[in-house]
Amino acid sequence: MKWSLVKLGEIVTIKGGGTPSRAKPEFYDGNIPWATIKDLTGIYLEQTQEHINSEAIKASATNLIPSGNIILATRMGLGKVAINTIDVAINQDLKALFCSQLINNKYLLHYLRSLSTSIEKQGFGATVKGITLKQVENWVIPLPPLSEQRRIVEILDQADVLRKMRAEADAKGDRILPALFIKMFGDPSTWTDANTELLGSLVNIQSGGTPSKKNPDYWDGDIPWVSPKDMKQDIIFDSIDHISQTAIEETNIKYVEPGAILIVVRGMILAHTIPIALAATRLTINQDMKALYPNCSDIDSTYLHAALKASSRKILSQVGTAGHGTRKFDTDELLNLPILIPSQEQLKKFHIAVTECRVSLAGISKTKEKLETLFNVLLQRAFSGELTAKWREAHIEELLAEMEEQAKLIYSSKQLDFNGVIP
């Protein structure tokens, strides 16, 4: 029994979005979630970093998308896809896919996830890669009967539960280093002036920048260019974007050397998190970040990285708001942060403990990689028909009847019922 193959545009309706004028800050003083690519961080879109009001919707190209639809990145972040669990407005880098009665929304979500690498390769553009509406509409989708779609979703959802548990373990792992630091040196809130020095006296600081997007030669290289979107791990080996040696030579961008502590000082992520990481390789950073280098023998990069992560709550409390609404952490505030100065014996013991900790975390990381590999195998088997082959044999009569009705809908009717969710 072969599944039908249909073009995506035949079974979904697609809506785009837009950005309300930044020149009118009152547009961003509302309670309507407004999504951009930075909000697509998982398979569900449950909250957004920015909000707008109803006037912003009326005055722009954005659209309010009811919950339960597919949100797809079509410019930047290609391959990212999620189901919105809240009513949400979207910007121009996203598209909303409204499923017809022929396709289960979670089945489509998982299928598009299986295409993430392929979608990314389809992008075109000198600097920012994008895909067109016509490309999306012409994607060919394997379309099993709805009952089999639901069975595939059930199996993949079970696998996703394991991945979620792994993600929760990773989150706990991220808290191990600050907890270890606090156990050995106390909570930063308890430190006194007698045993601390201001951060500014202990480090040299370096800023970053962005080479012109108008010059494609600057972005045709292999030098990591780290921005806040890369700051999701404690140690940075690579980045999503890369620049060329030409960009280094012709702009004010400077190399950041291994061992530097990277910290995000500007961006909406500072509303709830202070991303801090160690540079494990030579790289560059954008203007929303700073690089810190210890300039004395009292502390080193490993210690300072842990001290800053342990102080993140205090840093977060000092985050302010720039004129156009984004969050920022002033350099002066950062350099006035008190840092405990340990004894050399304490520093040595801390290094031993950190090494043991990282060995344990490396084991966790390998388990995560195995789960990701297993899930990707399941995705491929799911959409080749292999995953549900035995189940299909046991339900062949019902499935054949469903496929007959499905064929009538696909080929005999162009007026599909989109479940009443299209405005």
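This write-up is about the structure you can find in this document. For every chain, the first residue of the written sequence is number 1, and numbering continues from 1 along that sequence. The model is predicted, so local features are restricted to residues of pLDDT at least 70 and side-chain atom pairs to those at 80 or more, both for listing and for counting; the totals for chains, interfaces and linings are taken over all residues. By convention in this description, side-chain values take in all heavy atoms of the structure and omit both hydrogens and water.

## Things to note about the sheet that holds strand β3 (residues 32-35)
At step 1: Spatially, the 4 strands line up as an open sheet ordered β5-β3-β9-β6, and their pairing is mixed. Edge positions in the sheet fall to β5 (50-52) and β6 (64-65), since each of these pairs with one other strand and no more.
At step 2: As judged from the 2 bridges shared by β3 and strand β9 (residues 88-90), these two strands associate in the parallel manner. Residue W34 lies in a different strand from β9, and its bridge partner there is A89. Pairing between strands is defined by DSSP: at least two bridges between them are needed. Only DSSP runs of H or I reaching four residues or more are called helices, and only runs of E reaching two or more are called strands; each is numbered from the N terminus.

## Observations concerning helix α7 (residues 176-185)
At step 1: Exposure is judged per residue with a 1.4 Å probe applied to protein chains only, and the accessible area is read against the type maximum: over 50% gives exposed, under 20% gives buried, and values in between give partly exposed. Every buried residue belonging to α7 is among L177, P178, L180, F181 and F185, and all of these are buried. Seen from one end, α7 has its buried residues packed into an arc of 160 degrees, which puts them on one side.
At step 2: Downstream of α7 by one or two residues, G186 has phi in the positive range, about 85 degrees. In this description, one arc is meant: the one made by directions from the helix axis to the C-beta atoms.

## A look at the nonpolar core
At step 1: Ranked by size, the top nonpolar core spans 48 residues in total, and within it F181, L199, L262, Y303, L308, I339 and F350 carry the most contacts.
At step 2: Those elements giving two or more residues to this core turn out to be α7, β17 (261-264), β18 (276-279), β20 (289-294), α9 (301-310), β23 (338-340) and α12 (344-384).
At step 3: In terms of residue count, the dominant contributor to this core is α9 (6 residues).
At step 4: Counting residues in hydrophobic clusters, the runner-up holds 39 residues, among them L102, Y111, L115 and A382. To form a nonpolar core, buried Ala, Val, Leu, Ile, Met, Phe, Trp, Tyr and Cys residues must be joined to one another through side-chain atoms within 4.5 Å.

## A short note on the sheet that holds strand β16 (residues 241-243)
At step 1: Pairing is mixed across the open sheet formed by 3 strands, whose spatial order is β16-β14-β19. Here the strands that pair on one side only, and so sit at the sheet edges, are β16 and β19 (284-285).
At step 2: Pairing between strand β14 (residues 223-226) and β19: 2 bridges, direction parallel. Across the sheet, the residue bridging to V226 is I285, located in β19.

## Here's the deal with the pattern of salt bridges
At step 1: Any carboxyl oxygen of Asp or Glu that lies within 4 Å of a side-chain nitrogen of Lys or Arg is treated as forming a salt bridge with it. In total, this model carries 14 salt bridges according to the counting rule given.
At step 2: Between K134 and E137 there is a salt bridge; the shortest N-O distance is 3.7 Å. With K134 and E137 both in helix α5 (residues 133-138), this residue pair falls 3 residues apart, about one helical turn.
At step 3: Judged by relative accessible area, which is 54%, K134 ranks as exposed.
At step 4: Taking the shortest distance from any N to any O, the salt bridge between R266 and D288 comes out at 3.1 Å. Taken together, the positions of R266 in the loop between β17 and β18 and D288 in the loop between β19 and β20 put the pair 22 residues apart, joining distant regions of the chain.
At step 5: Overall, the relative accessible area of 31% leaves R266 in the partly exposed class.
At step 6: When salt bridges with common partners are traced through the structure, they connect R22, K38 and E50 into a single cluster.

## Regarding the side chain of K95
At step 1: By the element assignment, K95 lies in strand β10 (residues 94-99).
At step 2: Among buried charged residues, K95 stands out as having no salt bridge; its nearest opposite-charge side chain is D93, 7.8 Å away.
At step 3: It only takes one pair of heavy atoms within 4.5 Å for two residues to be counted as in contact. Apart from the residues within four sequence positions on either side, K95 is in contact with I14, K15, G16, I70, I71, L72, T74 and I90. Lys and Arg are tallied as positive, Asp and Glu as negative. Neither His nor the chain termini are counted.

## Comments concerning the pairing of β20
At step 1: Burial runs high along β20: 5 of the 6 residues are buried.
At step 2: Pairing of strand β13 (residues 203-207) with β20, which is carried by 5 bridges, proceeds in the antiparallel orientation. Counterpart to V203 in the pairing with β20 is P294.
At step 3: Where β17 lies against β20, 4 bridges are found, and the strand directions are antiparallel. Bridging from a neighbouring strand, I261 pairs with L292 of β20.

## Considerations on helix α3 (residues 105-114)
At step 1: The buried count for α3 comes to 9 of 10 residues, which makes it a mostly enclosed element.
At step 2: Turning to α3, its buried residues number three or more, namely K106, Y107, L108, L109, H110, Y111, L112, R113 and S114.
At step 3: Whenever two N or O atoms come within 3.5 Å, that pair is a polar contact, provided that in protein one can donate a hydrogen and the other can accept it, and provided that, for residues adjacent in sequence, both atoms are side-chain atoms. Capping the start of α3 is the job of one residue whose side-chain oxygen sits 2.8 Å from the backbone nitrogen of K106: N104.

## Focus on a negative patch on the surface
At step 1: A contiguous patch of negative charge on the surface is contributed by D217, D220, E249 and E250.
At step 2: Here E250 shows up in helix α8 (residues 245-250).
At step 3: When its relative accessible area of 53% is taken as the criterion, E250 is described as exposed. What goes into a patch is any residue over 30% in relative accessible area without a salt bridge, connected to like charges within 9 Å or, for nonpolar side chains (Val, Leu, Ile, Met, Phe, Trp, Tyr), within 5 Å. We get accessible surface area from the Shrake-Rupley algorithm with a probe of 1.4 Å; when it comes to residues, only the shown protein chains can shield them. Where a charge sits is defined by one atom per residue type, namely NZ (Lys), CZ (Arg), CG (Asp) or CD (Glu).

## Here's the deal with the packing of α7 against α9
At step 1: In this analysis, axes come from line fits to C-alpha atoms, helices being fitted only over the stretch in contact, and the angle between any two N-to-C directions falls in the range 0 to 180 degrees. Close contact between α7 and α9 brings their axes to 9 Å; oriented N to C, the two are set at 95 degrees. With respect to each other, α7 and α9 are oriented roughly perpendicular. Touching L177, P178, F181, I182 and F185 of α7 are Y303, H305, A306, A307, K309 and A310, all from α9.
At step 2: The nonpolar class holds Ala, Val, Leu, Ile, Met, Phe, Trp, Tyr, Cys and Pro. Asp, Glu, Lys and Arg form the charged class, and all remaining residues, Gly among them, are polar. Split into classes, the residues belonging to the contact of α7 with α9 amount to 9 nonpolar, 1 polar and 1 charged. Orientation is classified from the angle alone, with under 35 degrees giving roughly parallel, over 145 giving roughly antiparallel, 65 to 115 giving roughly perpendicular, and any other angle giving oblique.

## Side note on the side chain of N53
At step 1: Structurally, the position occupied by N53 is in the loop between β5 and α2 (54-58).
At step 2: Sequence-distant contacts of N53, defined by excluding residues within four places in its chain, comprise E26, F27, D29, G30 and I32.

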